[in-house]
Amino acid sequence: MRKVHLIGALVGVLALALSAIAVASPQFKQTVDLEYSTKQAQQPAGVSAELHATDPGAQPAGNQPGVRTLKITFKGAKANTRVGKLCRLPKDQADRCPANTRVGTGTASANLVGTNPTTGQPNVTVGLAQNVAAYQTTGGFYFVVKGVDLPTTAILKATLSKRGALNVNVERDLPVIPGGNKIVLTDFTVKIKKVTTGRGARRKALITTPDCPRSRRFSVVAAFSYTDGSRKTLTSRQRCSG
């Protein structure tokens with residue numbers, strides 16, 4: 001009899017755990033707009049990014065999967081993470097980075113997802129406003145996401161390779177709010193300014209645009225993995241010259 005009760009309890013726990021995992025509906029949509037600040041090939045550039053995820057079919061509203069990992073590939077571009085001033089503080093102190101290491105600003109929006117302890121059903125608060133500040137650090141960026149409607153701070157550590165591949169482990173870096181509530185970022189917009197040092201032949205840039213290909217389009221690829229196990233890969237294209 002005890003074994004039966006134990007199995008029943010385990011099944012119940014498993015059911016509650018599965019119910020807490022948001023699964024995208026067929027209406028889930030991810031949009032991406034990634035552009036350099038210049039259309040000229042082989043020139044120093046800033047970068048703007050707009051990422052939006054919506055799911056009108058989510059039950060309840062806002063109970064959609066979050067991004068687990070994100071890889072953005074600036075195809076053909078080059079990056080130099082030693083250009084400019086670097087914040088040398090550890091990740092957990094990134095909100096104290098010196099102002100002269102800040103290279104970008106933006107905004108974000110988040111849903112706060114919890115679980116009703118009695119029913120096991122999700123409780124969701126949608127559209128919480130966030131401010132974003134980007135700081136250059138060794139090997140990449142800190143994205144400091146501070147809550148406006150929610151008094152909490154998330155620090156996303158993004159690595160940037162010499163070949164222009166930006167990697168972010170979003171799920172790892174989002175804090176769990178007391179009570180087991182989770183933050184799901186649905187919108188993220190940021191502009192990284194052009195960063196250069198030196199003059200003439202010695203001039204170096206944080207990010208350099210690639211050659212303009214025969215298609216006359218720069219390409220930037222964003223590969224998402226989500227907390228429900230799904231994946232999406234989207235490409236932004238921008239007219240170029242030179």
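Residues numbered from 1 in each chain as written. Predicted model: local features only at pLDDT ≥ 70, side-chain atom pairs only at ≥ 80, totals over all residues. Heavy atoms only, no water.

Considerations on the overall build of the protein chain
Part 1: What the protein chain contains, in helices and strands, is two helices and 16 strands.
Part 2: Dimensions along the principal axes, computed over C-alpha positions, put the protein chain at roughly 80 × 40 × 30 Å.
Part 3: Roughly 13,700 Å² of accessible area belongs to the protein chain as shown, and the carbon and sulfur atoms make up 52% of that amount.
Part 4: Counting 34 positive and 12 negative side-chain charges, the protein chain places the averaged centre of each group 11 Å from the other. (Helix = DSSP H or I, 4+ residues; strand = E, 2+ residues; numbered from the N terminus. Areas by Shrake-Rupley, 256 points an atom, 1.4 Å probe, with all protein chains shown as cover. Lys, Arg positive; Asp, Glu negative; His and termini not counted. Charge placed at Lys NZ, Arg CZ, Asp CG, Glu CD.)

Examining the side chain of S109
Part 1: On the secondary structure map, S109 appears in strand β5 (residues 102–115).
Part 2: Beyond its immediate chain neighbours, meaning those up to four positions away, S109 contacts G127, L128, Q130, V184, L185, T186 and D187. (Contact = heavy atoms within 4.5 Å.)

Considering the pairing of strand β7 (residues 140–147)
Part 1: A large share of β7 lies buried, amounting to six of its eight residues.
Part 2: Where strand β6 (residues 122–137) and β7 come together, eight bridges link them in antiparallel fashion. By the bridge assignment for β7, A134 is matched with F143.
Part 3: Between β6 and β7, which pair antiparallel in sequence order, lie two residues; one of them, G139, sits at a positive phi of approximately 80 degrees.
Part 4: Alignment of β7 against strand β8 (residues 153–160), held across seven bridges, turns out to be antiparallel. Within β8, the residue paired with F141 across the bridge is A158. (Buried < 20%, exposed > 50% of the residue type's maximum accessible area, 1.4 Å probe, protein only. Pairing = 2+ DSSP bridges.)

Here's the deal with the packing of aromatic side chains
Part 1: Counted according to the given criterion, the structure contains six aromatic pairs.
Part 2: Between the aromatic rings of Y36 and F74, the centroid separation amounts to 5.9 Å while the plane-to-plane angle is 50 degrees, which identifies the pairing as tilted. Here F74 lies in strand β3 (residues 67–74) and Y36 lies in strand β1 (residues 29–36), a separation of 38 residues in the sequence. Across this residue pair, the class does not change: Y36 and F74 are buried.
Part 3: Between F141 and F143, the aromatic rings sit 5.9 Å apart at their centres with planes inclined by 35 degrees, giving tilted as the arrangement. In terms of burial, F141 and F143 fall into one category: buried.
Part 4: Through successive ring pairs, a cluster of aromatic residues spans F28, F224 and Y226. (Phe/Tyr/Trp six-rings, centres within 6.5 Å; stacked < 30°, edge-to-face > 60°.)

Interpretation note: all reported values are geometric properties and have no functional meaning in isolation.
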